[in-house]
Amino acid sequence: MQIRPILAALRRHRLATLLIAMEVALACAVLCNACFLVVQRWKLIQIHSGVDESALAVLTVNGFDPSQAADVNARMLTGLRSIPGMQSVTVINQVPFGPQAGAAGVSHDPGSFKNTIGVVDFVLGGPGTYEALGLKLVEGRLPQADDYRPATNFAPPDAQVLVSRALADHAWPGESPLGKDFWCDKLHFRVMGVVDHLARAHPHDWGTQATEWTVFTPTLPGGSLAGTYLLRANPHDLPRVLHEARDAVAKIAPHVVLDQENSQTIGDLRADYFKSDRIMIDLLIGVIVTMLGVTALGIVGLASFWVQQRRRQIGIRRAIGATRTDILRYFQTENFLIVTGGIVLGMALAYALNLLLMQHYELPRLPVYYLPIGALVLWGLGQLAVLGPALRAAAVPPVVATRSV
Amino acid sequence: MFAYYMDLALRSLKRNPVLTALMVLAIGLGIGASMTMITVLHVMTNDPLPERSTHLYTPHLDPLPLDYSHGGSGIDPSDNLTWPDAMSLLRAHRGVHQAAMAGGTLLALPVQSGLQALYAAGRYTTADFFALFGVPFEYGAGWSAADDTAGARVVVLSDELARKLFGRADVVGRTARLGELDYRVVGVVTRWDPAPQFYADSTGSQFSDIDTFFLPLSVAVNEDLPVSGNESGWGDDEKTGSSKRGAAMSWLQFWVQLDTPAQVADYRQYLINYSAQQKALGRFQRPPTNATLFGLMDWLAHQNLVPNDVHLQLWLALGFLFVCMVNIVALLLAKFLRRSGEISVRRALGARRRDIFVQLGVESALIGVAGGTLGLAIAQLGLWSVRHRPGDYARIAQMDPSMLAGTFVLAVLASVLAGLLPAWRACRVAPALQLKAS
């Protein structure tokens, strides 16, 4: 196939050629970046919470005085445990994707704002909570009965705790975190073990590095640790168990108020938490698909116009010996050349757009392998769009050459 | 002439219905997506109190110690005021009206039997609040400055909460139970919900929260009622503890009405003087010039209430509109050039280039009007889906008349712009060549 005659023909249609190339370039730039955004969001919502999400639910009540905390805890624990199918009920202060209860800044030194580690989530749990969550210990030891101490302010003043591996790697890089001390103002904590994963309540809000900066603190229920209960049941029993538990609250403790919004399975809380990200993903995919569609329509429109305009010339070529395949190839090659031009421009545009997004939206750099994938998609789209008009061109009979119009 | 061009345009569009439909669809999708996001941004950057906003200001002091850093948590404690500072500003009485305030949620018990207790969100504030913001009363009135000083247990209810608690709105003089205390109802206000709720703490949901009760701030401090906003403490507060009266915990918002530029300048100077005085006393450590006065709209801009996602979606939509427009340029070019023969005949019969240009322009505009209508429908659909999104701004995503008109202007503008290049190209065809060729 000779390329020179095609280029010569394109030079006579500079404006239209430029328009298609520009459309392809824009589509390429948006396609690469939108796909990248989708992948980023997708990674975000795949976050590992570290707990047995399918078997866990949380039930929250409030509207009682702190002085009644012990009584409410005792009533709720016995009352909820009697529900058939319930495997365990324990007191906790926050669960992944639920409301945040205990985020605080911690440091390597007592009572100072210097030498800080960062803001971490304190997950306080009564006896049995660790087992119910289904956390995985990777180092150190499990909390024993005498590790559970009462909270004075918002956490126990001197506690043995478990930290997530992410927090351990951040606070003591390259060292064993076991036995290390840290402080939250005057509260002292010592690391007794490390868990594989444990997400904070709002993993999004603290940047991608800090999604799992959590401290599991064994705490005796009572005082500020009351009103939020972790329910564990067989995954397929869980919806029914939670439903019965919510209904039972009015009988177990008539004076408290059930917090409807925060009494759900962890799975539902997770879905709610990531809802806007899911919408964003759907939106981006929608934009990608419609934009590719619009681009394809533009190619079809202009290619049909060219075919109609060149009917005579096609007829002459057929009459002097060109086969149908030659005509088909001609239009396909022409499209390939234009799309290639667009892709070259589009790659530069894609990088420029990525730089712009990086400046405003804390986005990493676009990996290079997105560009060849984008190019392949657009080449495919171009060939697909031009196929119809090209086949129509190939069907032009040689006899057209002998007619005047 | 215009009617004739309209007729020509309609005929031309009807001749090739598929191409016409494609162009209308492309512009409709682009306009619909853009207008959805422009409307969302428009309502989010709305002026919550159009009649008063130019006279409302919020003062800000910097009481933080020199070595304090609030880390990555994103909440700046100096966004709010401490109790001693707020009370000093209030007593100084330098503005036309001024009020200190904080949000709170209390358990409310309905007087009607058989109804469940409910959580009511409201505001602890001082007497001038109602005059400052022009809150409309349905019954009764606000409380007096003397009530503030005395810590009188009085409350102003919203019409909605009054009906929930008592079953009716005319309840001045009755007793309402909120939290652990009884309050005498002194007034009932009609529905008043500025969106965003500019005067609330920045950590709340400013687009969805509505205050349903108002009670004196002094009561909230005396009884240590729960505060729903951010309470940030710093430094060594052994002496004051983390109590609401503490000088090292910020939790209050403060607004002041200043009518003339001179008053604004005076107030600014007063804040700097006050900070300098506090620094001399050893309470403040940072430069007194850190004290600032924000106007209402400046304050909203400072708080940056529009989520990043909304910005990103707006850019996506505008980018999409641009792609659609480039596409329409290409399609119109093909369409107009295909009619070179017809154009040549008109030119040969005496039509000027300008006439051809106007004729083709009318055709593009007609596509724009059709695209705008479709875009409007798509935008309504888009806004409907936005209202079903999570996020507290969803509720207010509605189109107002100016946005409706804007949709059409944008659509026609876009399509006429898209038609310019093809029309210019088409009216430059050489009539003699074309006529000879056919």
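Parameters at a glance
Each chain carries its own residue numbering, running from 1 in the written order of its sequence. To label them, take the chains in the order written and letter them from A, then take the ligands in the order written and number them from 1. The predicted nature of this model means local features are confined to residues of pLDDT at least 70 and side-chain atom pairs, given and counted, to a pLDDT of 80 or more, with totals for whole chains, interfaces and linings taken over all residues. Here the side-chain values reflect all heavy atoms present in the structure, with hydrogen atoms and water set aside. Either an automatic procedure or a domain database provided the assignment from which the domain bounds are taken. We call two residues in contact when some of their heavy atoms are within 4.5 Å. Here, a salt bridge means any Lys or Arg side-chain nitrogen found within 4 Å of an Asp or Glu carboxyl oxygen. Residues adjacent in sequence count toward polar contacts only when both atoms are side-chain atoms; beyond that, a polar contact is any pair of N or O atoms within 3.5 Å, and within protein one must be able to donate a hydrogen and the other to accept it. Only Asp, Glu, Lys and Arg are considered charged, only Ala, Val, Leu, Ile, Met, Phe, Trp, Tyr, Cys and Pro nonpolar, and every remaining residue, Gly among them, polar. UniProt positions are given in the numbering used here, feature names are shortened, and annotations may be inferred rather than shown by experiment. In DSSP terms, a helix is any run of H or I states spanning at least four residues, a strand is any run of E spanning at least two, and both are numbered starting from the N terminus. Here the quantity called buried area is the total loss of accessible area, with a 1.4 Å probe, experienced by two parts when brought into contact, counted for both. Residues with no salt bridge and a relative accessible area higher than 30% make up the patches, which join like charges within 9 Å and nonpolar side chains (Val, Leu, Ile, Met, Phe, Trp, Tyr) within 5 Å. The accessible surface values rely on the Shrake-Rupley method and a 1.4 Å probe; as for residues, cover is taken only from the protein chains in view.

A short note on the domain arrangement of chain B
Residue and element names in this part refer to chain B.
- Each assigned domain of chain B is listed with its residue range as follows: domain 1 (2-45 + 307-437) and domain 2 (53-303).
- Put simply, the middle of domain 1 and the middle of domain 2, counted by C-alpha atoms, are 50 Å apart.
- At the interface, six residues of domain 1 touch nine residues of domain 2.
- Scanning the region where domain 1 abuts domain 2 turns up zero salt bridges.
- In this structure, the connection of domain 1 to domain 2 is made through zero residue pairs in polar contact (both at pLDDT 80 or more).
- Considered class by class, the residues forming the side of domain 1 that touches domain 2 number three nonpolar, one polar and two charged.

Considering the UniProt feature "transmembrane region" (unreviewed entry) in chain B
Residue and element names in this part refer to chain B.
- Look at the UniProt record and you will see "transmembrane region" (unreviewed entry) annotated at residues 21-44, 314-337, 357-383 and 403-424.
- Taken end to end, residues 21-44 is 100% helix and 0% strand, and its two terminal C-alpha atoms sit 34 Å from one another.
- For residues 357-383, the helix share is 100%, the strand share is 0%, and the end-to-end C-alpha distance is 37 Å.

Comments concerning the interface of chain B and chain A
- Facing the 34 residues of chain B at the interface are 36 residues of chain A.
- Summed over both partners, the interface of chain B with chain A buries about 3300 Å², with 76% contributed by carbon and sulfur atoms.
- At the boundary of chain B and chain A, one finds zero salt bridges.
- For the interface between chain B and chain A, the tally reads three residue pairs in polar contact (both at pLDDT 80 or more).
- Of all elements in the fold, only α2 (17-44), α10 (308-338) and α13 (401-426) of chain B reach the threshold of two or more residues within the side of chain B that touches chain A.
- Here the side of chain B that touches chain A takes 20 residues from α10(B), the largest share from any one element.
- Looking at the side of chain B that touches chain A, its residues break down into 21 nonpolar, seven polar and six charged.

Notes on a nonpolar patch on the surface
- On the surface, B:L413, B:V416, B:L417 and B:L420 cluster together into a nonpolar patch covering about 340 Å² of accessible area.
- Here B:L420 shows up in helix α13.

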